[in-house]
Amino acid sequence: MNSKTSNNIATGVIYFLVACVLAILVFLLGYILITGIPHVSWHFLTSAAQSFAAGGGIRDQLFNSMYLLVLTLIISFPIALGSGIYLSEYAPENWVTGVIRTAVEVLSSLPSVVVGLFGFLLFVVNFHMGFSILAGAIALTFFNLPLLTRSIEESLQDVSQLQREAGLSLGLSRWKTITGIVLPAALPGILTGIILSAGRVFGEAAALIYTAGQSAPTVNYGDWNPMDSASFLNFMRPAETLAVHIWKVNTEGVTPDAAAISSGASAVLIVVILLFNLLARMLGRWLYKRMTATK
Amino acid sequence: MPKIITSNDVHLSYGSKEALHGISLDFEEHEITALIGPSGCGKSTYLRCLNRMNDLIKGVKITGSMKLEGKDIYAPGVDIVDLRKRVGMVFQQPNPFPFSVYENVAYGLRLAGEKNKHVLDERVETSLKQAAIWDEVKDHLYDNALSFSGGQQQRICVARVLAVQPEVVLLDEPTSALDPISSSKIEDTLMNIRHDYTIIIVTHNMQQASRISDKTAFLLNGDLVEFSKTEKMFIHPDDEKTSDYLNGKFG
């Protein structure tokens, strides 16, 4: 076999494999969207879920998912940023750093149901938080932290060493070089990492079933006091998210239109995650342009 | 003329390998000194000792004394940030920040706390003029510095260093990645600023050294072979090795 034929075969095989991946993706997305979109309506998005009757919506679940996501990011981003900066810029190459890196990797491969049960035992039971958005957000932080730390560390590492030397040689301190030069240069990558991890958090169910709970009590969207138990901002209330709702409707739903609700909610979930991805790309590109000038 | 930097018996080793075997060199204020020698002779390594850039490399050990205006720069408690403000550096590869030309030049000042827009504007313009790049960038101050040619980027880097007003400018083979025309522009730039700054330049290019420098130091395998006025060295070198190197017998 000469090199030309082997090249052709290799190219063919690679194209075939890519086609397989694409086909699976298109099939899944197509199936979810085609079966789900017809059930999505303004009414579906803006009305509360029903326990027994048909015609329930996903308003509270959708909001809970968003709120949980925001809380999770508020908790996990600063920690991930700090550890990402440490690992990329300060960590000496020794066994301690090796242990930290391995720990981060192990954390990221923990099954989410294990994280959920751990969160249940520690926060919900031991710390008496009860099923709450806060417990869910902390559990999701465990889940989110490794990914976010990794992506921040990698974005920082991608910034050329020459840039750091340039900053230091201008008489900037190490910290100012990092915050003033390395971080801005890495910002688009960091942002993409945040939004991609947000997509995963948004779709997470297993870690939330035992932490944020499976019920969505009626909340008052006009009550802006997070200390009020009826407020939509209260983070000590149980909060069923969209992904958990899909799981629940499918396993124990008794409404006559459970299948339709599940399909519709799945479509909404997928669309939101796709939007996250698109947004990540656009924002990353826009920010990069902003950062690198060209007015 | 007063000596601004003095160094005495500088040894540097990476782990167990010694790269500099006791270099003693003094630099006079407002002169251009060229460091020449074949690849791997230690000239860049020596240069990077002068603003402590070698501190960034692990396992480096430096002994001997290096003084800036009589003060040991390796003494405990020395403010490295302050040292690097006084001893600026231009690198082999042009490395502008991925920001606009204006931001590149203003950045050092801005992060050092200068907020006055007039001061910044003025300093940016002066620095770009000193670096002989102003005419080429004045209508593109807000374009990304990376969108310019390598030679222009390198002059922007020179302007960026000048903007923080150092006393000494170190240049580590600043033209080796550039074409001849850009190189000669960098040389013009250096001639332009020679009376205001002390310049130490590492170069592979012997013609460049002979064109621009007042004094030349020839290093070989981590030793200083000869150090004298450039004219003298190029016409009557004392050491046979210098003569061989200058005549292209090795290197």
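Nothing here was measured: the structure is a model prediction, and the numbers come from that model.

Student: Break down the overall build of chain A for me, citing the residues and quoting the values.
Tutor: The secondary structure content of chain A amounts to eleven helices and zero strands. The order of helices and strands in chain A, counted from the N terminus, is α-α-α-α-α-α-α-α-α-α-α. By principal-axis analysis of the C-alpha atoms, chain A measures approximately 70 × 60 × 45 Å. Here chain A holds 295 residues, and 40% of them are scored as buried. Taking all contacts inside chain A whose residues are at least 6 apart in sequence as the whole, residues at least 24 apart take part in 74%.

Student: Report on the overall build of chain B, specifying residues and quantitative values.
Tutor: In terms of helices and strands, chain B carries ten helices and ten strands. Expected size for 251 residues packed as a compact globule is a radius of gyration near 18 Å; at 18 Å, chain B falls within 12% of this value. Based on the C-alpha atoms only, the size of chain B along its principal axes is roughly 55 × 45 × 35 Å. Counting over 251 residues, chain B shows a buried share of 47%. Across chain B, the fraction of contacts at a sequence separation of at least 24, relative to all contacts at a separation of at least 6, is 68%.

Student: So, the UniProt feature "domain: ABC transmembrane type-1" (unreviewed entry) in chain A: which residues are in play, and what are the values?
Tutor: As recorded in UniProt, the feature "domain: ABC transmembrane type-1" (unreviewed entry) lies at residues 62-280 of chain A. Secondary structure within residues 62-280 of chain A divides into 73% helix and 0% strand; the distance between the first and last C-alpha atoms comes to 20 Å.

Student: I'd like to hear about the sheet that holds strand β9 (residues 215-220) of chain B, residue by residue, with values.
Tutor: All names here are of chain B. Taken together, the six strands give an open sheet; going across it, the order is β6-β7-β8-β3-β9-β10, and neighbouring strands pair in mixed fashion. Two strands in the sheet have a free side with no partner beyond their single neighbour: β6 (87-90) and β10 (223-229). The average angle at which neighbouring strand axes cross in this sheet is 15°, direction not considered. Pairing analysis gives four bridges linking strand β3 (residues 32-36) to strand β8 (residues 198-202), with the strands arranged parallel. Each bridged residue has a counterpart across the sheet, and for Leu-35 the counterpart in β8 is Val-202.

Student: So what's going on with the UniProt feature "domain: ABC transporter" (unreviewed entry) in chain B? Residues and values would help.
Tutor: Taking the UniProt record as the reference, the feature "domain: ABC transporter" (unreviewed entry) is found at residues 5-246 of chain B. Taken end to end, residues 5-246 of chain B has its terminal C-alpha atoms 26 Å apart, with 38% of it in helix and 27% in strand.

Student: Can you lay out the interface of chain A and chain B for me, pointing to particular residues and giving the numbers?
Tutor: As a measure of interface size, the accessible area lost when the parts come together is often cited. On the chain B side, the residues contacting the 19 residues of chain A number 25 residues. Elements with a minimum of two residues in the side of chain A that touches chain B: α7 (161-169) and α8 (174-203) of chain A. Top element by residues in the side of chain A that touches chain B is α7 of chain A. It accounts for six residues. Split by residue class, the side of chain A that touches chain B holds nine nonpolar, seven polar and three charged.

Student: Tell me about the packing of helix α6 (residues 150-163) of chain B against helix α7 (residues 180-193) of chain B, residues and numbers included.
Tutor: Residues and elements named next belong to chain B. In the contact formed by α6 and α7, the axes pass within 9 Å of each other and the chain directions differ by 20°. On the basis of their axis angle, the class for α6 and α7 is roughly parallel. Two packed elements cross with a definite hand, and for α6 against α7 that hand is right-handed. Every residue of α7 that contacts α6 at Gly-150, Gly-151, Gln-154, Arg-155, Val-158 and Leu-162 is listed here: Ser-182, Lys-185, Ile-186, Thr-189 and Ile-193. Taken together, the residues of the contact of α6 with α7 break down into four nonpolar, five polar and two charged.

Student: Go over the nonpolar core, please, and point to the residues and values.
Tutor: In terms of nonpolar packing, the biggest core is built from 138 residues, with Leu-68 and Ala-135 of chain A together with Leu-35, Ala-159, Val-161, Leu-170 and Ile-200 of chain B touching the most fellow members. A per-element tally of this core places helix α6 (residues 133-157) of chain A first, with 14 residues. In this structure Ala-159 of chain B touches Val-105, Ser-127, Leu-128, Gln-130, Ala-131 and Ile-133 of chain B, once residues within four positions along its chain are discounted.

Student: Let's hear about the sheet that holds strand β5 (residues 71-72) of chain B: which residues, and what values?
Tutor: Residue and element names in this part refer to chain B. The sheet built from four strands is open, its strands ordered β2-β1-β4-β5 with antiparallel pairing. This sheet does not close on itself; its edge strands, each paired only once, are β2 (17-28) and β5. Pairing between strand β4 (residues 60-68) and β5: two bridges, direction antiparallel. Along β5, the bridge assignment pairs Leu-68 with Lys-71.

Student: An account of the environment of Ile-193 of chain B is needed here, citing residue identities and associated values.
Tutor: Note on placement: Ile-193 of chain B falls in helix α7. Setting aside its immediate chain neighbours within four residues, Ile-193 of chain B contacts Gln-130 and Leu-162 of chain B.

Student: Just give me the short version of unusual backbone geometry, but keep the residues and values in it.
Tutor: Positive phi, normally seen in glycine, also occurs at His-128 of chain A, with a value near 55°. Relative to the helices and strands, His-128 of chain A is located in the loop between α5 (112-126) and α6. His-128 of chain A sits in the exposed class, given 7 other C-beta atoms within 10 Å. Positive phi, normally seen in glycine, also occurs at Asp-9 of chain B, with a value near 50°. Along the chain, the position of Asp-9 of chain B falls in strand β1 (residues 3-14).

Calculation criteria
Residues numbered from 1 in each chain as written. Chains lettered and ligands numbered in written order. Predicted model: local features only at pLDDT ≥ 70, side-chain atom pairs only at ≥ 80, totals over all residues. Helix = DSSP H or I, 4+ residues; strand = E, 2+ residues; numbered from the N terminus. Buried ≥ 20, exposed ≤ 12 C-beta atoms within 10 Å, placed from the backbone. Contact = placed C-beta atoms within 7 Å. Rg over C-alpha atoms; globule rule 2.2 N^0.38 Å. UniProt positions renumbered as here; feature names shortened; annotations may be inferred. Pairing = 2+ DSSP bridges. Axes fitted to C-alpha atoms, helices over the stretch in contact; angles between N-to-C directions. Nonpolar A, V, L, I, M, F, W, Y, C, P; charged D, E, K, R; others polar. Parallel < 35°, antiparallel > 145°, perpendicular 65-115°, else oblique. Left-handed = near helix turned anticlockwise from the far one by under 90°. Core = buried A, V, L, I, M, F, W, Y, C linked by C-beta atoms within 7 Å.

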